[in-house]
Amino acid sequence: MEFIDFGGSRSKTLDLTTWGTEFNNFQLITSSSADATLSYDLDLLDLEPPETKFSMNPRYPDGKDGWYISLPMVTLTTEAAADPYYSLDGAPYQKFTDNVYITDGYHNFSYYSKDNKGNMEVTRYIDIKVDTKVPTSKMSIDPYQEEDDWFTESPRITMETTHPDASVYYKWSGGEYVEYTEPFLAPEGVNTLAWRAEDQAGNRETEWIRQFMVDTILPALEYSVYPEEPDGENGY
């Protein structure tokens, strides 16, 4: 218990900061030896930092290996008497006033809140990976023939993609997709080739399809003679 002596003064300030922080409430008991009207102005100390709620849409990465393949939207909320602040990739902190869309790339997003008492939240950090670009592929044939023409020699097929983090996958006539690693020859007969590019984030190109008609086997002439043996003289 602490006693306050006004000492003839009409007002007195009680500094509660010396009491520490291990209490939730206190009781103020007053008395006066003379007729007096007592009034109190309490300015309670707030030492609790605000807390920021971080949310993204989509809520979780919608690609592979933690990548977002659609532009994610960041929302920050905090208590009524505080403001959230954020920084993207080390830029100066700015007050959050509207949703933030994160563009393609590998980013570091940091944020905190500060209330009107000056209490500041510990800065939080999150890494965000975004890749919304769909890779494209290119297929070349040597020798070249139109799709409705026959090849009389097995064509050499080459595939490529200009996306630095993408690979090309292909399959023949309903088989399973395999990763392209080197040029290959089209098989004999009538077959359908499907291919597409896919990057590390899971962006996938629309499937391409082409038919190959390959016949490298020379025709053979079959004949028969009747009667099978000469039926005359001297081999006739």
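Note: the structure precedes this text.
Visitor: Just give me the short version of the nonpolar core, but keep the residues and values in it.
Guide: The biggest cluster of nonpolar side chains holds 14 residues, and the ones touching the most others in it are Ile157, Met159, Leu193 and Phe212. At the level of elements, β9 (137-142), β11 (156-161), β12 (166-172), β15 (189-199) and β16 (208-214) are the ones that each hand at least two residues to this core. Contacts of methionine 159, omitting those with residues within four sequence positions, involve Lys138, Met139, Val168, Tyr170, Tyr180, Phe184, Leu193 and Trp195. Counting residues in hydrophobic clusters, the runner-up holds twelve residues, among them Phe96, Phe109, Tyr111 and Ile128.

Visitor: Can you explain the sheet that holds β11? Please cite residues and give values.
Guide: Strands sit in the order β9-β11-β14 across an open sheet of three strands; the sheet is antiparallel. The open sheet has two edge strands, β9 and β14 (184-185), and neither has a second partner.

Visitor: So, the layout of surface pockets: which residues are in play, and what are the values?
Guide: Roughly 150 Å³ of volume is contained in the second largest pocket. Those elements giving two or more residues to the lining of the second largest pocket turn out to be β1 (53-57) and β8 (124-130). Here the lining of the second largest pocket gets four residues from one element, more than from any other, and that element is β8. Split into classes, the residues belonging to the lining of the second largest pocket amount to six nonpolar, two polar and three charged.

Visitor: Describe the pattern of salt bridges, listing the residues and the values that go with them.
Guide: Following the criterion strictly, the structure yields five salt bridges and no others. Residues lysine 133 and aspartate 104 are paired through a salt bridge, measuring 3.4 Å at the closest nitrogen-oxygen approach. Here aspartate 104 lies in the loop between β6 (100-101) and β7 (105-115) and lysine 133 lies in the loop between β8 and β9, a separation of 29 residues in the sequence. Given a relative accessible area of 52%, lysine 133 falls into the exposed group. In this structure, a network of salt bridges that share partners links the residues Lys64, Glu198 and Arg204.

Visitor: Let's hear about the side chain of glutamate 205: which residues, and what values?
Guide: Within the secondary structure layout, glutamate 205 lies in the loop between β15 and β16. The buried charged residue glutamate 205 lacks any salt bridge partner; its closest oppositely charged side chain belongs to arginine 196, at an N-O distance of 7.9 Å. Every residue in contact with glutamate 205, bar those within four places of it in the chain, is listed here: Val134, Pro135, Thr136, Ser137, Arg196 and Ala197.

Visitor: Before we move on, can you summarise the environment of aspartate 83 with the specific residues and values?
Guide: Topologically, aspartate 83 is positioned in strand β4 (residues 82-88). By relative accessible area, which is 32% here, aspartate 83 ends up partly exposed. With 37 residues separating them in the primary sequence, aspartate 83 and methionine 120 have C-alpha atoms 9.8 Å apart. Those residues in contact with aspartate 83 that lie beyond four places of it in its chain are Thr78, Lys95, Tyr112, Ser113 and Lys114.

Visitor: Explain the side chain of aspartate 199 to me, using residue names and the numbers behind them.
Guide: Inspection of the secondary structure assignment puts aspartate 199 in strand β15. Lysine 64 is the oppositely charged side chain nearest to the buried, salt-bridge-free aspartate 199, at an N-O distance of 6.8 Å. Of the polar contacts made by the side chain of aspartate 199, one reaches the backbone nitrogen of glycine 202; its length is 3.0 Å. The residues touching aspartate 199, leaving out its near neighbours within four places in the chain, are Lys64, Asp131, Lys133, Pro135, His163, Asp165 and Ala166.

Visitor: Pulling in residues and values, what's your account of the pairing of β4?
Guide: Burial within β4 is extensive, with five of its seven residues counted as buried. Pairing of β4 with β7 involves seven bridges; the strand directions are antiparallel. By the bridge assignment for β7, alanine 82 is matched with aspartate 115. Both β4 and strand β5 (residues 94-95) contribute to a ladder of two bridges, which runs antiparallel. Bridging from a neighbouring strand, tyrosine 85 pairs with lysine 95 of β5.

Visitor: Please set out unusual backbone geometry residue by residue, giving values where relevant.
Guide: Each neighbour pair has its own omega, and for asparagine 57 with proline 58 the value is 5°, a cis peptide bond. Tracing the backbone through its elements, the reader meets proline 58 in the loop between β1 and β2 (67-68). For the bond running from aspartate 142 to proline 143, omega is -5°, close enough to zero to count as cis. You can see proline 143 is positioned in the loop between β9 and β10 (150-151). A positive phi is found at aspartate 65, a non-glycine position, where the angle reads about 55°. By secondary structure assignment, the location of aspartate 65 is in the loop between β1 and β2.

Criteria and thresholds
- Residues numbered from 1 in each chain as written.
- Predicted model: local features only at pLDDT ≥ 70, side-chain atom pairs only at ≥ 80, totals over all residues.
- Heavy atoms only, no water.
- Core = buried A, V, L, I, M, F, W, Y, C linked by side-chain atoms within 4.5 Å.
- Buried < 20%, exposed > 50% of the residue type's maximum accessible area, 1.4 Å probe, protein only.
- Helix = DSSP H or I, 4+ residues; strand = E, 2+ residues; numbered from the N terminus.
- Contact = heavy atoms within 4.5 Å.
- Pairing = 2+ DSSP bridges.
- 1 Å grid on protein atoms, 1.4 Å probe; cavity = no way out; pocket = protein on both sides within 12 Å on 5 of 7 lines; lining within 4 Å.
- Points joined across faces, edges and corners; volume = space filled by probe spheres on them.
- Nonpolar A, V, L, I, M, F, W, Y, C, P; charged D, E, K, R; others polar.
- Salt bridge = Lys/Arg side-chain N within 4 Å of Asp/Glu carboxyl O.
- Lys, Arg positive; Asp, Glu negative; His and termini not counted.
- Polar contact = N/O pair within 3.5 Å; in protein donor to acceptor, adjacent residues only side chain to side chain.

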